[in-house]
Amino acid sequence: MELNHPRILNIVKFADLRGNLSVLENPSTLPFEIARAYWIHGVPAGGTRHGHAYYSSQELIIALSGSFDVITDSAAGTKQFTLSRADCGLYLPPLTWREIYNTSTNSVALIVSSTLYDELDYIRDLSEFKQIIDNEHR
Ligand code: TYD
């Protein structure tokens, strides 16, 4: 497995009788510095989000509550992940198409990003994305 492929990262968890505490820190537990955090919540059960890629942003997606599936397409090919734990996250390198789907009721997705929000960094057209990947990586 190449390191720049989409992959699940375990997040540090401090567990005791009071419950769990997890932490993200660069560089010890996260391969990029966090510039931004956002979360997706209130999505209807069975809903979908994302459906895009970025030219340069790296992200980590964590299911803080509930569960959802993520399908990715990148130079690594197509992969499918199920996120349902607050102590692991899906790392997505640049040029990774991702779709969140099959959201459970009351799911909360925390996403930490390596960049500030910039609409110009988005690739929102799947055929355009596939062309970029074909030209650069396959
Ligand atoms: P959108 O990209 O459509 O959501 P998703 O990909 O998660 O389905 O974003 C929804 C709106 O939120 C859109 O108007 C852009 C805005 N937005 C920001 O202003 N800042 C941000 O950091 C993000 C992620 C989105």
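For the structure itself, consult the block above.
Being a predicted model, the structure only gives us computed values, none of them experimental.

Conventions used here
Residues numbered from 1 in each chain as written. Predicted model: local features only at pLDDT ≥ 70, side-chain atom pairs only at ≥ 80, totals over all residues. Heavy atoms only, no water. Salt bridge = Lys/Arg side-chain N within 4 Å of Asp/Glu carboxyl O. Phe/Tyr/Trp six-rings, centres within 6.5 Å; stacked < 30°, edge-to-face > 60°. Helix = DSSP H or I, 4+ residues; strand = E, 2+ residues; numbered from the N terminus. Buried < 20%, exposed > 50% of the residue type's maximum accessible area, 1.4 Å probe, protein only.

**Some details on the pattern of salt bridges**
For step 1, the next point in the chain: Scanning all chains against the criterion turns up six salt bridges.
For step 2, the next point in the chain: Between Arg-124 and Glu-119 there is a salt bridge, with the nearest N and O atoms lying 2.7 Å from each other.
For step 3, the next point in the chain: Within the structure, one salt-bridge network assembled from shared partners comprises Lys-13, Arg-85 and Asp-87.

**Re the packing of aromatic side chains**
For step 1, the next point in the chain: Counting across every chain of the model gives four aromatic pairs.
For step 2, the next point in the chain: Seen from their ring centres, Tyr-54 and Tyr-122 are 4.9 Å apart, and the 75 degrees between their planes marks the pair as edge-to-face. Taken together, the positions of Tyr-54 in strand 5 (residues 49–54) and Tyr-122 in strand 12 (residues 122–123) put the pair 68 residues apart, joining distant regions of the chain.
For step 3, the next point in the chain: Tyr-122 sits in the buried class, given a relative accessible area of 13%.
For step 4, the next point in the chain: Between Trp-97 and Phe-129, the ring centres sit 5.6 Å apart and the planes meet at 45 degrees, which makes this aromatic pair tilted. Note that Trp-97 is positioned in strand 10 (residues 97–101) and Phe-129 in helix 1 (residues 126–136), a separation of 32 residues in sequence.

Worth remembering: the numbers are spatial, not functional.
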